[in-house]
Amino acid sequence: MSRSVVVLGIQWGDEGKGKVVDLLTEDCAAVVRFQGGHNAGHTLVIDGQKTVLHLVPSGILRDSVQCLIGSGVVVSPDALIGELQTLEQAGITARDRLVISPGCPVILSSHIALDQARERARGSDAIGTTGRGIGPAYEDKVARRGIRLGELGNVDTCSERVEELVEYHNFLLTQRFGAEPVDVSECVSRIPAWRDRLSPMMGDVSGMLEAYSNAKSNVLFEGAQGALLDIDHGTYPFVTSSNTIAGAAASGGGTGPLAFDAVIGVIKAYATRVGAGPFPTELHETVGAHLAERGNEFGATTGRPRRCGWFDAVLARRACWLNSASGLCVTKLDVLDGLSELAICVGYRRGGEVLDDPPWDSAGLAECEPIYEYLPGWVERTGSVRRLEALPAAARTYLDRLEELLGVPVDIISTGPDRDDTMVLRDPFQ
Ligand code: GDP
Ligand code: IMO
Ligand code: MG
């Protein structure tokens, strides 16, 4: 029997989605990215060799897997062409196995300039975006003035549309932000090369998903970012500009909401966040430094240090609900090795009130003091442990407690960056 499975982040991104997607695609016909853009950085490690992907789906290291980019993804042609080149230099030919929807909105250099100008203008209120033009590209899509990849096919009309759009961006850049304008003719001049490189890879992603369904093939939908960065349900405005939750796998991939058999929520055994915004369980002292160092918590896209803290079960429980999570994949358990005591946030105190659910807004969340439950840590090494029975009792108790607090079973446990450092207790494709 075939299965369609969504794999996505339950926190603020960087949960280890890329690793898990790569692992689970062994028996898949296709992997589909459905939202976000090259703000994502998904790390795959196979036999010690590391590959970081930004736009290309994390099934690319398996020769038999077709990789699809649905129309919910914003595509920078320059970034995509560059990523394909990097992969080719590493001996991975992605071109033959990649199909991109012509409906994907295009990120131009003027989107990047606008993203960075907006951030500068926000000063101390900056969101800490990846500076990749993601927000402005989604703005143009929703405003119905964006360029879509399929338009590259007609160079003349596309050139006119790009010229008009970049002139509009330049008006904002110069008049609103006092920034330098972008060179319009340089933007237009790239169109023929983009067409030549990308047109051969464009195809009907939604139609392919229907064909896979009819052929009873397994398909995996790969999320980027995480539920707490969702534009509607995350810590607005400190979010990304797309819906990152499971509902977006249907709309952004090109299928319907009944298409999915399982949703795997990937969670780190603790919490991290890159960029600004409320983070109730953030740790600044020794434990935070331990997590950052042991977890090597530096962004895979921008190299920025990630903020670290204890696991927040209040936010994670809401994220599981938002995603209809049917199973959890807990990653980076090994990073907790050596801590004598662990804390899990099980509620918030705000003013005189105790809250079981997160407040609706970021300002409210910033006022919340976490209520912690303490569990014993372990001194044994869990790094690369691949059998549940071999985990220290305290680690199993910790996992059981997460499962209980979130009301979702732990199906997969990851104990190291390598593909093989994983325990699959229940395979979502079985
Ligand atoms: P993604 O954006 O969700 O795909 O995650 P990233 O690749 O940005 O960040 C996750 C980081 O943790 C990467 O460097 C992974 O190689 C690493 N990683 C994934 N799982 C584990 C694990 O179980 N233990 C450790 N120590 N590292 C892991
Ligand atoms: P993956 O897929 C972690 C964060 C940025 C910033 C906010 C908005 O690797 O988990 P944007 O450039 O999207 O407008 O930035 O979202 N952000 C991520 N944080 N992992 C990511 O992707 C992220 N993509 C965006 O740091 O706070
Ligand atoms: Mg990442």
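Residues numbered from 1 in each chain as written. Chains lettered and ligands numbered in written order. Predicted model: local features only at pLDDT ≥ 70, side-chain atom pairs only at ≥ 80, totals over all residues. Heavy atoms only, no water.

Here we look at the pattern of salt bridges
Inspection of every chain in the model, using the stated rule, returns 22 salt bridges. Between Glu-15 and Lys-17 there is a salt bridge; the shortest N-O distance is 2.8 Å. Given the relative accessible area of 1%, Glu-15 is considered buried. Here Glu-186 and Arg-190 are joined by a salt bridge, their closest N and O atoms 2.5 Å apart. (Salt bridge = Lys/Arg side-chain N within 4 Å of Asp/Glu carboxyl O. Buried < 20%, exposed > 50% of the residue type's maximum accessible area, 1.4 Å probe, protein only.)

Focus on the sheet that holds strand β16 (residues 410–414)
Reading across the sheet, the nine strands line up as β6-β5-β2-β7-β1-β8-β12-β16-β17 and stay open at both edges, with mixed pairing between neighbours. Each having just a single partner strand, β6 (98–100) and β17 (422–424) make up the two edges of the open sheet. Geometrically, the sheet is characterised by an average inter-axis angle of 20 degrees between neighbouring strands, direction not taken into account. Bridge analysis of strand β1 (residues 4–9) against strand β8 (residues 262–268) gives five bridges, and the strand direction is parallel. Paired with Val-7 across the bridge in β8 is Ile-264. Sitting on the sheet, helix α8 (residues 205–214) touches β2 (30–33), β5 (66–69), β6 and β7 (219–222), and the angle it makes with β5 is about 135 degrees. (Pairing = 2+ DSSP bridges. Helix = DSSP H or I, 4+ residues; strand = E, 2+ residues; numbered from the N terminus. Axes fitted to C-alpha atoms, helices over the stretch in contact; angles between N-to-C directions. Contact = heavy atoms within 4.5 Å.)

A closer look at the site of ligand 2
Ligand 2 sits among 20 residues. The nearest are Asp-14, Lys-17, His-42, Thr-130 and Thr-240. Within the backbone of Asp-14, one N or O atom sits 2.8 Å away from an oxygen atom of ligand 2. When the free accessible area of ligand 2 is taken as 550 Å², the share hidden by the protein chains comes to 97%. Partitioning the shell around ligand 2 into residue classes produces seven nonpolar, ten polar and three charged. (Near = heavy atom within 4 Å. Polar contact = N/O pair within 3.5 Å; in protein donor to acceptor, adjacent residues only side chain to side chain. Areas by Shrake-Rupley, 256 points an atom, 1.4 Å probe, with all protein chains shown as cover. Nonpolar A, V, L, I, M, F, W, Y, C, P; charged D, E, K, R; others polar.)

Quick notes on the site of ligand 1
In the region of ligand 1, 18 residues are neighbours, and Gly-16, Lys-17, Thr-43, Asp-334 and Ser-414 sit closest. Measuring from an oxygen atom of ligand 1, one finds a backbone N or O atom of Glu-15 at 3.1 Å. In the environment of ligand 1, an oxygen atom lies 2.6 Å from a nitrogen or oxygen atom belonging to the side chain of Thr-43. For ligand 1, the protein covers 92% of the area, taking 590 Å² as the surface of the free molecule.

Considerations on the side chain of Arg-33
Assignment of secondary structure puts Arg-33 in strand β2. No salt bridge is formed by the buried Arg-33; its nearest oppositely charged neighbour, Glu-222, is found at 5.4 Å. (Lys, Arg positive; Asp, Glu negative; His and termini not counted.)

Considerations on a negative patch on the surface
On the surface, Asp-156, Glu-160, Glu-163, Glu-164 and Glu-167 cluster together into a patch of negative charge. Note on placement: Glu-160 falls in helix α5 (residues 155–176). Residue classification places Glu-160 among the exposed positions, given a relative accessible area of 57%. (Patch = residues over 30% accessible without salt bridge, like charges linked within 9 Å, V, L, I, M, F, W, Y side chains within 5 Å. Charge placed at Lys NZ, Arg CZ, Asp CG, Glu CD.)

Describing the coordination of the magnesium ion (ligand 3)
Distances from the magnesium ion (ligand 3) to its protein donors, namely Asp-14 (OD) and Gly-41 (O), fall within the range 2.0 to 2.2 Å. In this pair, Asp-14 is assigned in the loop between β1 and α1 (17–24) and Gly-41 in the loop between β2 and β3 (42–46), connecting sequence segments 27 residues apart. (Donors = N, O, S within 2.8 Å, 3.2 Å for Na, K, Ca; no water.)

Quick notes on the nonpolar core
Formed by 41 residues in total, the largest nonpolar core has its most connected members in Leu-80, Leu-98, Ile-100, Leu-149 and Val-162. Residue assignment for this core shows that the elements contributing at least two residues are β5, α2 (77–89), β6, α3 (109–122), α5, α6 (184–189) and α7 (191–198). Two domains each donate at least three residues to this core, and these are domain 1 (4–101 + 201–262) and domain 2 (109–197). Filtering out sequence-adjacent residues up to four positions away, Leu-149 remains in contact with Val-75, Pro-77, Ile-100, Ser-101, Pro-102, Cys-104, Val-106, Leu-198 and Met-202. (Core = buried A, V, L, I, M, F, W, Y, C linked by side-chain atoms within 4.5 Å. Domains from an automatic or database assignment.)

Looking at the environment of Leu-315
By secondary structure assignment, the location of Leu-315 is in helix α11 (residues 313–323). The exposure class of Leu-315 is buried, given its relative accessible area of 6%. The residues touching Leu-315, leaving out its near neighbours within four places in the chain, are Trp-12, Leu-228, Tyr-348, Pro-358 and Leu-365.

A closer look at the side chain of Thr-244
Tracing the backbone shows Thr-244 in the loop between β7 and α9 (247–253). Relative accessible area serves as the criterion here: at 1%, Thr-244 is assigned to the buried category. Apart from the residues within four sequence positions on either side, Thr-244 is in contact with Leu-8, Gln-35, Ala-224, Gln-225, Gly-226, Ala-227, Leu-229 and Asp-230.

As for helix α4 (residues 134–142)
Of the residues making up α4, those classed as buried are Ile-134, Gly-135, Pro-136, Ala-137, Tyr-138 and Asp-140. Packing partners of the buried residues in α4 comprise α3 and α5. Following α4 by one or two positions, Arg-144 has its phi on the positive side, about 65 degrees.

Brief notes about the state of the cysteines
Summed over the entire model, instances satisfying the criterion amount to zero disulfides. The thiol of Cys-187 is unpaired, and the distance to the nearest cysteine sulfur, on Cys-158, comes to 11 Å. For Cys-187, a relative accessible area of 2% gives the class buried. (Disulfide = S-S within 2.5 Å.)

So, the domain arrangement of the chain
The domain boundaries assigned to the chain delineate domain 1 (4–101 + 201–262), domain 2 (109–197) and domain 3 (267–424). A C-alpha centroid distance of 24 Å is found between domain 1 and domain 2. Together domain 1 and domain 2 conceal approximately 1700 Å² of surface at their shared face, both sides included; 64% is due to carbon and sulfur atoms. Its largest share of buried area at the contact with domain 2, domain 1 owes to His-38, Val-74 and Met-202, together 26% of the area lost on that side. At the junction of domain 1 and domain 2, the tally comes to one salt bridge. Here Asp-78 and Arg-190 are joined by a salt bridge, their closest N and O atoms 3.2 Å apart. Where domain 1 packs against domain 2, one counts four residue pairs in polar contact (both at pLDDT 80 or more). Taken together, the residues that form the side of domain 1 that touches domain 2 break down as eleven nonpolar, twelve polar and two charged. (Buried area = accessible area lost by both parts, 1.4 Å probe.)

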